[in-house]
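# Architecture and fold: a report
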Amino acid sequence: VILAGIICGCLVKFQNRIYAEEKEITEQQKEEIEQLSRSRSAFFTNMSHEIRTPINTIIGLNEMTLRENISDEIAENSINIQNASKMLLVLINDILDMSKIESGKMQIVPVQYDTGNLFSDLVNLIWIRAYEKKLEFKIDISEDIPSTLFGDEVRIKQVLTNILTNAVKYTNEGSVTLSVQSEQMASNIVRLRISVSDTGIGIRKEDMENLFHSFKRVDEARNRGIEGTGLGLTISKQLVEMMGGKITVDSIYTKGTVFTVILDQKIVDGNPIGSIDFML
Ligand code: ADP
């Protein structure tokens, strides 16, 4: 019995040592994986910075060429170079943002901003694209939104630009509508409800859940040769959630889509924006 006890004791100790070693290996492996992930993110961030500089040079020099008195053939080539370079820049910026989000380095930087400026910048950017595609661009911005808010203006603009650009990209006829409503949540907090609706190609029910996953492009978009990275909505969703907000989508296939961003912002100046003059 004593011998059996000693053997059992030894076995238990031996097993405990194996467990301890296994645990050690697992933790070591975990550390290695984290290190690899950090290196990968750092690599993408550095690489993206490095690539941005030459692309900007190409775009700048090409713009100068386009301003010169050049033949139609050279102009056509230059426009193609311009479009391809801009597309590459969008891709690089998206990869940079994705790697920042994945490595936890993306930061929300709230500033005081002029609400009217935010929406007029967006409208000025989008109406021309809508006009080029012969789409009607409708604007329904409530006049009682506070004129000065506190939030991350740059990132809100990025999210809304992405959604508005998509609405124009995926709509071939009809209209795109930007609607902004506000609701007072507390004496110094306002809830913005920003919707972008379109009469475009729509999204199938089975594709809806994949929309916010990286590099997921619905076949319809790919098949029609519409350019895109498949990262915009993933980044937008992450940014809106980092700001404590929500982004939702509703769509009827072949009829149209509505994206809604719901975001709480601090009020700096409670005066209403009133009507905004857009330079359409
Ligand atoms: P992309 O760069 O491909 O536009 P996004 O992440 O912005 O990437 O969008 C992901 C996919 O969601 C698109 O490829 C497209 O299939 C679909 N999508 C986004 N917005 C719309 C829209 N307004 N109407 C129809 N499909 C859309």
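Because the structure is predicted, anything quoted here is derived from the model rather than measured.

## With respect to the overall build of the chain
- Scanning the chain from terminus to terminus reveals seven helices and seven strands.
- When the helices and strands of the chain are read in sequence order from the N terminus, they spell out α-α-β-α-β-β-α-β-β-α-α-α-β-β.
- A buried classification covers 37% of the 280 residues belonging to the chain.
- Of all intrachain contacts in the chain linking residues separated by at least 6 positions in sequence, the fraction that spans at least 24 positions is 75%.
- Counting every atom, the chain has about 17100 Å² of accessible surface; 54% of that belongs to carbon and sulfur.

## Quick look at helix 2 (residues 72-102)
- Helix length check: helix 2 (31 residues) gives 45 Å between terminal C-alpha atoms against 45 Å at 1.5 Å per residue, within 8%.
- Immediately beyond the C-terminal end of helix 2, within one or two residues, lies Gly-104, with a positive phi of roughly 75°.

## A closer look at the environment of Met-47
- Summarising the element assignment, Met-47 is placed in helix 1 (residues 2-67).
- Sequence-wise, Met-47 and Ile-101 are 54 residues apart; in three dimensions their C-alpha atoms are separated by 16 Å.

## Concerning the confidence of the model for the chain
- Scored by pLDDT, the chain comes out at a mean of 87, with 86% of its residues at no less than 70.
- Reported confidence for the predicted complex is 0.98 by ipTM and 0.81 by pTM.

## Observations regarding the packing of aromatic side chains
- Tallied over the entire structure, the rule returns one aromatic pair.
- Note on Trp-127 and Tyr-131: the rings are 5.8 Å apart at their centroids and 65° apart in plane angle, and the pair reads as edge-to-face. Taken together, the residues Trp-127 and Tyr-131, both in helix 3 (residues 115-132) and four residues apart, mark about one turn of the helix.

## Regarding unusual backbone geometry
- The phi angle at Lys-134 is positive, at roughly 60°, despite the residue not being glycine.
- Secondary-structure assignment places Lys-134 in the loop between helix 3 and strand 2 (136-141).
- Lys-134 gets classed as exposed once you look at its relative accessible area, which sits at 75%.
- Phi at Thr-254 takes a positive value of approximately 70°, unusual for a residue other than glycine.
- Along the chain, Thr-254 falls in the loop between strand 6 (246-252) and strand 7 (256-272).

## Here we look at the nonpolar core
- Counting residues in hydrophobic clusters, the biggest one holds 45 residues, and the most contacted among them are Phe-119, Phe-137, Leu-164, Val-176 and Leu-178.
- Taken together, the elements giving at least two residues each to this core come down to helix 2, helix 3, strand 2, helix 4 (153-169), strand 4 (175-186), strand 5 (189-198), helix 7 (232-242) and strand 7.
- Sorting elements by how many residues they give to this core places helix 4 first, with seven residues.
- Residues in contact with Leu-164, not counting those within four places in the same chain, are Leu-122, Ile-126, Phe-137, Val-176, Leu-178 and Val-196.

## Let's talk about helix 4
- The terminal C-alpha atoms of helix 4, which comprises 17 residues, lie 24 Å apart, in line with the 24 Å expected from a rise of 1.5 Å per residue.
- Burial runs high along helix 4: twelve of the 17 residues are buried.
- All of the buried residues along helix 4 are Glu-153, Arg-155, Ile-156, Val-159, Leu-160, Asn-162, Ile-163, Leu-164, Thr-165, Asn-166, Ala-167 and Val-168.
- Among the residues of helix 4, the N-terminal cap falls to Asp-152, whose side-chain oxygen and the backbone nitrogen of Val-154 are separated by 3.3 Å.

## Re the pairing of strand 3 (residues 146-151)
- Burial analysis of strand 3 places five of its six residues in the buried class, which makes it a mostly covered element.
- Where strand 1 (residues 111-114) and strand 3 come together, four bridges link them in antiparallel fashion. Counterpart to Gln-112 in the pairing with strand 3 is Phe-150.

Definitions and cut-offs
Residues numbered from 1 in each chain as written. Predicted model: local features only at pLDDT ≥ 70, side-chain atom pairs only at ≥ 80, totals over all residues. Heavy atoms only, no water. Helix = DSSP H or I, 4+ residues; strand = E, 2+ residues; numbered from the N terminus. Buried < 20%, exposed > 50% of the residue type's maximum accessible area, 1.4 Å probe, protein only. Contact = heavy atoms within 4.5 Å. Areas by Shrake-Rupley, 256 points an atom, 1.4 Å probe, with all protein chains shown as cover. Expected span 1.5 Å × (residues − 1). pLDDT = per-residue confidence, 0-100. Phe/Tyr/Trp six-rings, centres within 6.5 Å; stacked < 30°, edge-to-face > 60°. Core = buried A, V, L, I, M, F, W, Y, C linked by side-chain atoms within 4.5 Å. Polar contact = N/O pair within 3.5 Å; in protein donor to acceptor, adjacent residues only side chain to side chain. Pairing = 2+ DSSP bridges.

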